Each structure stands twice: as structure tokens, then as C-alpha cells.
Amino acid sequence: MIYNTKTEEDLKNLKGMSIQPKVHGFVGNLWFHSLRNRYPMEYLLFSQDNNNQDYYKNEIKAKIIGSFNKKIELIVSGTVTQESIDELNSILIKLQDLSILNLPNESEILNARIN
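Heads up: these notes are all about the structure in this document. Just so it is clear, the model here is predicted, and its values are computed rather than measured. (Residues numbered from 1 in each chain as written. Predicted model: local features only at pLDDT ≥ 70, side-chain atom pairs only at ≥ 80, totals over all residues. Heavy atoms only, no water.)

Moving on, we come to the pattern of salt bridges. Across all of its chains, the model carries 3 salt bridges by this definition. Arg38 serves as the salt-bridge partner of Asp10, at 3.0 Å between the closest nitrogen and oxygen. Taken as a pair, Asp10 in helix α1 (residues 6-18) and Arg38 in helix α2 (residues 26-38) lie far apart in primary sequence, 28 residues in all. One salt bridge in this structure joins Arg36 and Glu59, with 3.9 Å as the shortest N-O distance. Here Glu59 lies in helix α4 (residues 54-77) and Arg36 lies in helix α2, a separation of 23 residues in the sequence. The exposure class assigned to Arg36 is buried, which follows from its relative accessible area of 3%. (Salt bridge = Lys/Arg side-chain N within 4 Å of Asp/Glu carboxyl O. Helix = DSSP H or I, 4+ residues; strand = E, 2+ residues; numbered from the N terminus. Buried < 20%, exposed > 50% of the residue type's maximum accessible area, 1.4 Å probe, protein only.)

Here it is as C-alpha cells:
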């Protein structure tokens, strides 16, 4: 018998809940809330095609942005060293690379203008 890790089970359950139009029941919603908070990035991945959960997606996006901002604020408000500057610069380069990957291509922009 193969045993899944708790993380694999949690992610499987989160995916199932994320693709549903609505999660029913008090306990189900508590569980869903807990999983969304534990795995915010995965939730955004699983729910990206579900337009019924825009409120939750916006809530999680704000939480992720706040978390990043808080961490960066802690780093720059402390003693800044050359090592911390180098690390921050490498993180910013990686974020720049990731943001370029998410930019729409020309055909998507044209289609959006036409529609």
C-alpha cells in the first residue's frame, strides 16, 4: 500500500475545492480556508480558471503581496550589508524574470482590444 504524505493529500483536496463553483458546509469552508492559507500559491494555480472564487483569489493575492512587503521591509530596515544587497538584487532579478513570463503576448493584447 502506498501512503501519500499529508502535503500531497492537502494539495489534492485543495485542488478539488478550488475547481468547485462553491464549497458547501461550515466544516468544508473552514477546511478550505485553512488550506488556502497554508498553500496560497498553489491555490492561485488551481483556481485560476474558476471565476466563482474571485473574492478568495483577491484575498490570497493581497496576503502574498503583504507577506513579501513585510519581509523586504524587515530586511531593509535592519543593518544592510553587501551580502544582503546582493541577495536582494538576485531576488529582484528573479522576480523581474517571472514578471516577464506573465506578460501577455502581442496577439493576446490585440484580441483583448478587439473584444
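Continuing now.
The next subject is the environment of Lys12. Tracing the chain through its elements places Lys12 in helix α1. Here Lys12 falls in the exposed class, since its relative accessible area comes to 54%. Spatially, the C-alpha atom of Lys12 lies 10.0 Å from that of Phe46, the residues being 34 residues apart in sequence.

Any functional reading would require information beyond the geometric quantities listed.
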